[in-house]
Amino acid sequence: MHYRLSMHATLPGMFSVSFSPDEKLIGSSNADGGVYIYDLPSNSLKTSVCAHDSDANALAWVGPSSQLLLSGGDDAKLQMIDLRVPEHIVSSFPGHSYGIGHVAVRYDDIYVLTSGKDHVLRLWDIRRMSSAQHSFGSQGGGSRASECVIARCCARAMGNATGCQELSLCQYKGHKNLQTLSRCGFSPASDPRFVFTGSYDGRVIIFDVLTGRTASILRGHTDCVRDVSWHPHRSQVVTASWDGTVRSFSPASLCN
């Protein structure tokens, strides 16, 4: 059984869709650069946000309020959207040199990972914004001490790469984004040491979140790895590839 959501009569092509934490809203990112918010109880379009100058490729909800989202687009912008304020766009995160294809929010709702067409993953702290309009404080459950450790270690790993227009905490390089954009993500709270991504050359690369160094490379696919998922409680990764296979990697092949 399915039914059509009455979001817009001529809604352009959609690239991503996601339920809000309270399950009352659906957000979608679209080819016209817009982010559309659909209200499920009323089966109607709640609001639309002109977030990007070109394709809006990805979105992710932040925190339990169902009012904050992040969107990434082909204009290389990571935008913070607050549905509670009229202007909606409350901050931007400059850093990528080409379009953003995927956005992942960590379990603490503080740290964000983006995958760009510049073949770079970037780690962000949503409290470090290019706009001073809002201060989000600590939304998640992580301790202040652990947050400071991550910020300090990433800053050391970046060295002098951080400039006045660079707000990301750390960069991770070694994968390839060609023809499509592979998903990225964080390892779970049970072992929060890593970030990961698929690659066009068939590899899965796992990085140390603090140093930016490659911690492990998973091999086995013969074509682009489009999606990667880390089990929430075990050291197990599953991958989906253009070679037509789904593979599972055991603890022996992951980071020690």
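The rules we used
- Residues numbered from 1 in each chain as written.
- Predicted model: local features only at pLDDT ≥ 70, side-chain atom pairs only at ≥ 80, totals over all residues.
- Heavy atoms only, no water.
- Core = buried A, V, L, I, M, F, W, Y, C linked by side-chain atoms within 4.5 Å.
- Buried < 20%, exposed > 50% of the residue type's maximum accessible area, 1.4 Å probe, protein only.
- Helix = DSSP H or I, 4+ residues; strand = E, 2+ residues; numbered from the N terminus.
- Polar contact = N/O pair within 3.5 Å; in protein donor to acceptor, adjacent residues only side chain to side chain.
- Contact = heavy atoms within 4.5 Å.
- Pairing = 2+ DSSP bridges.
- Axes fitted to C-alpha atoms, helices over the stretch in contact; angles between N-to-C directions.
- Salt bridge = Lys/Arg side-chain N within 4 Å of Asp/Glu carboxyl O.
- pLDDT = per-residue confidence, 0-100.

Draft legend 1. Representation of the nonpolar core within the structure. Formed by 16 residues in total, the largest nonpolar core has its most connected members in Leu70, Leu78, Met80, Phe93, Val103 and Ile126. One finds Leu121, Leu123, Ile205 and Val209 within the second-largest nonpolar core, a separate group that totals 15 residues.

Draft legend 2. Representation of the side chain of Arg203. Here Arg203 lies in the loop between strand S14 (194–198) and strand S15 (204–208). Of the polar contacts made by the side chain of Arg203, one reaches the backbone oxygen of Gly174; its length is 2.7 Å. With residues up to four places along the chain from it excluded, the contact list for Arg203 reads Gly174, His175, Thr197, Gly198, Ile217, Leu218, Arg219 and Val225.

Draft legend 3. Structural detail: the sheet that holds strand S8 (residues 89–93). What the four strands build is an open sheet, ordered S5-S6-S7-S8; its pairing is antiparallel. Bordering the open sheet on either side are strand S5 (56–62) and S8, each of which pairs with just one other strand. Averaged over neighbouring strand pairs, the angle between their axes works out to 25 degrees when direction is ignored. The pairing of strand S6 (residues 68–73) with strand S7 (residues 78–82) spans five bridges and is antiparallel. Bridge pairing links Ser71 to Gln79 in S7.

Draft legend 4. Just the environment of Ala60, in detail. Within the secondary structure, Ala60 is located in strand S5. As a C-alpha pair, Ala60 and Ser18 span 42 residues in sequence and 7.2 Å in three-dimensional space. Residue contacts for Ala60: discarding those within four places in its chain leaves Leu68, Leu69, Leu70, Val103 and Val105.

Draft legend 5. Up close: unusual backbone geometry. Residues other than glycine seldom take positive phi values, yet Ser66 does so here, at roughly 60 degrees. Tracing the sequence through the fold places Ser66 in the loop between S5 and S6. One non-glycine residue, His88, lies in positive phi territory at about 65 degrees. Here His88 shows up in the loop between S7 and S8.

Draft legend 6. Representation of the pattern of salt bridges in the model. Under the defined criterion, the tally for this structure stands at seven salt bridges. With a shortest N-O distance of 2.9 Å, Arg203 and Asp201 are connected by a salt bridge. On the basis of relative accessible area, Arg203 is assigned to the buried category, the value being 16%. Given the relative accessible area of 31%, Asp201 is considered partly exposed.

Draft legend 7. Summary view of the pairing of S15. Counted residue by residue, S15 has four buried out of five residues, so it is predominantly covered. Taken together, the five bridges between S14 and S15 define a ladder with antiparallel strand orientation. For Gly198, the partnering residue across the bridge sits in S15 and is Val204. Connecting the antiparallel pair S14 and S15 is a turn made up of five residues, with Gly202 showing a positive phi of about 90 degrees. Sheet topology note: the S15/strand S16 (residues 214–218) ladder contains four bridges and is antiparallel. Following the sheet pairing, Ile205 is matched in S16 by Ile217. The antiparallel hairpin formed by S15 and S16 contains five residues in its connecting segment, where Gly212 sits at a positive phi of about 85 degrees.

Draft legend 8. Region of the structure containing the sheet that holds strand S10 (residues 111–116). Reading across from one edge, S9-S10-S11-S12 is the order of the four strands in this open sheet, with antiparallel pairing throughout. Every other strand in the sheet has two partners, leaving strand S9 (100–105) and strand S12 (170–173) as the edge strands with one partner each. Here the strands of the sheet are splayed against their neighbours by 20 degrees on average, with no regard to which way each runs. Pairing geometry for S9 and S10, over five bridges, is antiparallel. Residue pairing across strands places Val105 opposite Val112, the latter belonging to S10.

Draft legend 9. Representation of the confidence of the model for the protein chain in the model. Considering every residue of the protein chain, the mean pLDDT works out to 81; 77% of them sit at 70 or more. In this model residues 155–164 is a low-confidence stretch, pLDDT under 50, and it forms 10 contacts with partners more than four residues away in sequence or in other chains.

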